Amino acid sequence: MSLNKNDAIDSSLGKLVRYMRGVEEYREELGQLQASWDTLTLLGQLSGTAGGMNGTREAFARLTGALLDHLALETSNKTRADLRAKTQNAIDILVRNLFERTADIGFLAADDDVGDFLADPDADPSAMQERFKEYVAKYSVYSDIVLFDQSGNIRARLKDTPAQMSQCPLITEAMATASPYVEYYGEADFLRPGQQRLVYACRVKDKGGEAAGVLALVFRLDNEMRGIFSKLVQPDDWTVLSCVTPEGVVIASSSAIQLPVGAQLPVLALSATGELVRFAGRQYLAVSCQTHGYQGYMGPGWIGVGLLPVEFAFDRDDSTLLSNIDATVMDAVMQHPDFFSEELRNIPRQAEKIQQDLNCSVWNGSVRQVDNKRDNANFSKILLWEISNTGRKTQSVFEQSISNLHQTVVATILQNSLSRASFAIDVMDRNLYERANDCRWWALNATFRRVLAQSVINPSDAALCAEVLVYINNLYTVYENLILFDARGKVIAVSKPEYRELVGRLLNEEWVGRSLLILTSQGYAVSDFVPTPLYDNRPTYLYAAAVRHPDGNSTVGGVGIVFDAALQFEAMLNDAMPRDDTGNVVKDAFALFARRDGKIIASTDKRFEVGKHFGHDAGVSGLASGKGHSRIIAIDGHHFAVGAAMSAGYREYKTSDGYLNDISAVCAFPLGDIRSGSGAVKRSHARDARMRRSGGTNSVEIATFYIGGHWLGVMASDVVEAINDDGLVPPTGSNGELVAGFKSYQGKIITVMRLHGLIPNSEERTSSNHIVVIRTQGKTCMGLLVDSLGDIPEVEQNDIQPLRDMTATIGMLTVGVVRNLVNPEDPSRLLSLISLDRLCSRLGCNGCDEDGSTGGLTPESTESLDLR
């Protein structure tokens, strides 16, 4: 039993439980009930009333321990999963961004204007500075651009600084390396001293292919990480996200106070999977994540580390996540074996079984007290009621805590689906931001501007333009094709040989006309997501920008880029798919991108085709920009946890550049089949000690039970006891609707009857494990199979109204109803008394034989019983 704060399934939870306020509250409440059980058991043993209570008390104690253990474990798992998702997203989004930088540096270093500038020692650096400004106006992820000659002299740069040269090893490495770029993090003498910077560098070649200098792009790492962290960590979230070196030195942090840049994290934090880590006098839950990489690029080798102060780690309120989930759905979901282990799913069943056994014990104890004339009779009855009350309170706490446990697990899944959707849409926004930048920058290419400005373009110039497009496309592999067209929309050159037939054709798509009307270098046009012959009649986005005359006074053509939407969106969605502990995609999970109206633009599931509408209520249409939510929906007979997130744009893209295109990401996690009745444990009818007890001299006690939805009772003096149905042998003939079977009882065989068919308007019977053994003429006669046991109230004879005074009946077995007795479950329900004499007469039973066996009812004689 885990009533002790430090006693849990996993020893690592021992130090965490005291911070789990919800678990602690249940522990305290169950601990108080356990003390009541101890007292009641002792009183029962002393009075002889409930000597068998010790087993029930121990069973509740064992189950309490298992329940608290699972509550603590699932609470911990939920917190760790959320922390892990945020940490993984942070490092993966950063690495995806840096992958784009590796392409940028190669292309800009090959820019004709840059090479020509280095070749001319007298060239004006201000012209190159203006070109760098144009570049950063589009690629705002850079804070500085620096161009060095072979000796490290600064020939031109974006920012005006006193530095004239550099001896940074970065320059020497870039001049000598065979790699397409150099990725450098550290201090550099050409930048502000005392600061670590992330710089990408590449050598610039002259016309002969020899190294003429080095171009360096200074990445705005601090700015970028602030943007990443702000999306993942809300203002009321205590999570601290960071990016650290393999040695544990903090590069970036979401909290400069708790985890400053430059701080050294303990070694344990670098491989943490949710353990407690002590840092700067405070304890944190810690999770570390290596990047998944992107297209083979694994980044600079940095590690994502997430920290969560342990005192606030388990305070998250999941009420918003769970607000739209009804109890029926929750009951169905909890049956899924992938989320709820057999041991976990057995807890409510075990609690129900214990409560049923307790109800049976109290019921039998009350039956035995009917003829008790001893002085302690009243005490015994009160003790039995108190035991019943304590059992009811215990089960109530169990049901509440089990519900909390289920909600914790489901909330984890919902949060994960939302996290995955948010990741997917953020990746999309960032990716398409680069596409808008690319077309605008390539439109400034000097070769394109010169060639398109000619009134007649000769084949050699067209071929030169094609060479530039091929070089670009080899660096930027996200494009199906790159197209250069003139002011009439005629194709001059393409990047892919398989599209050469386009050369000389006029492009008549609407985005071409819009791009030719653009008057500034910051403008761009985007097509709708529709099928196009430029992409094999598949739907995609095409981005375009105007190419201006070298004098800047007119538009001479445009650059169009065909985004490889099918491949790229598929990769984004696959990276966002829910995965199991082995890293494999969860079976039947899916993800998709869709417009606000639900029209699908990409999907991992063949059921949801591109161009069709999703057709299920994921709540996308009402989402505000940058917002998300999760819910459980039904699809084709299955429940799914669905997270949906609406695009928010990235930097200037879709936020301040005038382009509007609301796209949402949907990530769905399977939760199992929709079951009829859900398979959840059916709760027993409540026992209520507040039911009226007469205590008068003219009173009787009635043993009540439930059959087919009816509240029925017989005189308690006619009841022997209630037993379980273990060993019940079913009948072999045709009377299975009336005869439930035969059972050995105290050395005799009794017939067990099923009365559902004799009582009009009976509900479909449910599984039962109780048999009420009755007596006639003072001897054991037969058993009645009941759905559940009720109470044994003591009522005045005057409150029993005979059936002949009623205007309606529920069946011929009923001889009367009890007035002024409130049913604890349904106040409108009346207690109906059935006559055992009428029952025996109906069944053809002649009472009991002298030896106590069923008179006239044998396995053979029941073959002829008639229900009609």
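Nothing here was measured: the structure is a model prediction, and the numbers come from that model. (Residues numbered from 1 in each chain as written. Predicted model: local features only at pLDDT ≥ 70, side-chain atom pairs only at ≥ 80, totals over all residues. Heavy atoms only, no water.)

Q: What should I look at first to understand the overall build of the chain in this one?
A: On a plain count of helices and strands, the chain comes out with 15 helices and 34 strands. For the chain, with 868 residues in total, the buried portion stands at 56%. With an accessible surface of roughly 37100 Å², the chain has 49% of that area assigned to carbon and sulfur atoms. (Helix = DSSP H or I, 4+ residues; strand = E, 2+ residues; numbered from the N terminus. Buried < 20%, exposed > 50% of the residue type's maximum accessible area, 1.4 Å probe, protein only. Areas by Shrake-Rupley, 256 points an atom, 1.4 Å probe, with all protein chains shown as cover.)

Q: Before we go on, may I ask you to explain the sheet that holds strand S21 (residues 638-646) in this structure?
A: Pairing between the strands of a sheet is mediated by backbone hydrogen bonds and can be parallel or antiparallel. Taken in spatial order, the five strands make up an open sheet running S19-S18-S22-S21-S20, and their pairing is antiparallel. Edge positions in the sheet fall to strand S19 (600-603) and strand S20 (628-635), since each of these pairs with one other strand and no more. Pairwise comparison of adjacent strand axes, ignoring direction, gives a mean angle of 25 degrees for this sheet. Taken strand by strand, helix H14 (residues 565-576) contacts strand S18 (590-595), S19 and strand S22 (663-673), and its axis lies near 130 degrees from that of S18. (Pairing = 2+ DSSP bridges. Axes fitted to C-alpha atoms, helices over the stretch in contact; angles between N-to-C directions. Contact = heavy atoms within 4.5 Å.)

Q: Hey, could you run me through the pairing of strand S26 (residues 739-745) in this one?
A: Sheet faces and side chains relate simply in a regular strand, where the side chains alternate between the two faces. Counting buried residues in S26 gives six out of seven residues, a clear majority hidden from the surface. The sheet contact formed by S26 and strand S27 (residues 748-753) spans six bridges and is antiparallel. Paired with Phe742 across the two strands is Thr751, which belongs to S27.

Q: Looking at this structure, how should I read the packing of aromatic side chains?
A: Where two aromatic rings form a pair, the distance of their centres and the angle of their planes describe that pair. One pass over the full model with this rule turns up 28 aromatic pairs. Pairwise contacts between aromatic rings join Phe529, Tyr541, Phe563, Phe569 and Phe593 into one cluster. The side chain of Arg420 reaches across the aromatic face of Phe423, ending 5.0 Å from its centre. Here Arg538 stacks its cationic end above the ring of Tyr535, 3.9 Å away from the centre of that ring. (Phe/Tyr/Trp six-rings, centres within 6.5 Å; stacked < 30°, edge-to-face > 60°. Lys NZ or Arg CZ within 6 Å of the ring centre and 35° of its normal.)

Q: Help me out: how do you make sense of the pattern of salt bridges in this one?
A: Proximity of charged atoms lets side chains of opposite charge pair with each other. Scanning all chains against the criterion turns up 31 salt bridges. Notably, a salt bridge pairs Lys86 with Asp82, separated by 3.2 Å at the nearest N-O pair. With a gap of four residues between them, Lys86 and Asp82 both fall in helix H2 (residues 53-109), about one helical turn apart. For the pair formed by Lys86 and Asp82, the shared burial category is buried. A salt bridge links Arg96 to Asp575, with the shortest nitrogen-to-oxygen separation between them at 2.2 Å. Pair noted here: Arg96 is in helix H2 and Asp575 is in helix H14, with a separation of 479 residues, a long-range link. Taken together, the shared-partner salt bridges connect Glu224, Lys231, Asp426, Arg430 and Arg651 into one network. (Salt bridge = Lys/Arg side-chain N within 4 Å of Asp/Glu carboxyl O.)

Q: What's the story with unusual backbone geometry in this structure? I'm lost.
A: A negative phi angle characterises most non-glycine residues, just as the trans form characterises most peptide bonds. Not every positive phi belongs to a glycine, and Ala280 is a case in point at roughly 50 degrees. Given a relative accessible area of 69%, Ala280 falls into the exposed group. Here the phi dihedral of Asp588 falls at roughly 75 degrees; this positive angle occurs in a residue that is not glycine. Positionally, Asp588 belongs in the loop between H14 and S18.

Q: Which parts of the structure should I look at to understand empty space enclosed by the protein?
A: Take a probe with the size of a water molecule and roll it over the atoms, and the empty space left behind shows itself. In this structure the tally under the stated criterion is six cavities of 30 Å³ or more. In this model, the largest cavity occupies a volume close to 110 Å³. Lining the largest cavity are Arg96, Asn97, Glu100, Tyr294, Val427, Arg430, Asn431, Glu434 and Tyr650. For the lining of the largest cavity, the secondary structure elements donating two or more residues are H2 and helix H10 (377-442). Tallying contributions element by element places H10 first for the lining of the largest cavity, with four residues. For the lining of the largest cavity, the class distribution of residues is three nonpolar, two polar and four charged. (1 Å grid on protein atoms, 1.4 Å probe; cavity = no way out; pocket = protein on both sides within 12 Å on 5 of 7 lines; lining within 4 Å. Points joined across faces, edges and corners; volume = space filled by probe spheres on them. Nonpolar A, V, L, I, M, F, W, Y, C, P; charged D, E, K, R; others polar.)

Q: I would appreciate a short explanation of the nonpolar core in the present structure.
A: Taken as a class, soluble globular proteins show a tendency for nonpolar side chains to be buried jointly. Counting residues in hydrophobic clusters, the biggest one holds 162 residues, and the most contacted among them are Leu94, Trp442, Tyr541, Tyr543, Phe569 and Phe593. When residues of this core are assigned to their parent elements, the largest contribution, 24 residues, is made by H10. Grouped together as the second largest cluster of nonpolar side chains are 33 residues, Val714, Leu755, Leu789 and Leu813 included. (Core = buried A, V, L, I, M, F, W, Y, C linked by side-chain atoms within 4.5 Å.)

Q: Mind showing me how you'd approach the sheet that holds strand S13 (residues 525-526) here?
A: Across the sheet, five strands lie side by side as S12-S11-S17-S16-S13; this open sheet has antiparallel pairing. The sheet is open, and its two edges are formed by strand S12 (491-494) and S13, each paired on a single side. The sheet contact formed by strand S11 (residues 479-486) and strand S17 (residues 555-563) spans seven bridges and is antiparallel. Along S17, the bridge assignment pairs Phe485 with Gly558. Against the sheet, helix H12 (residues 459-475) makes contact with S11 and S12, and its axis sits at roughly 150 degrees relative to S11, the strand it touches most.

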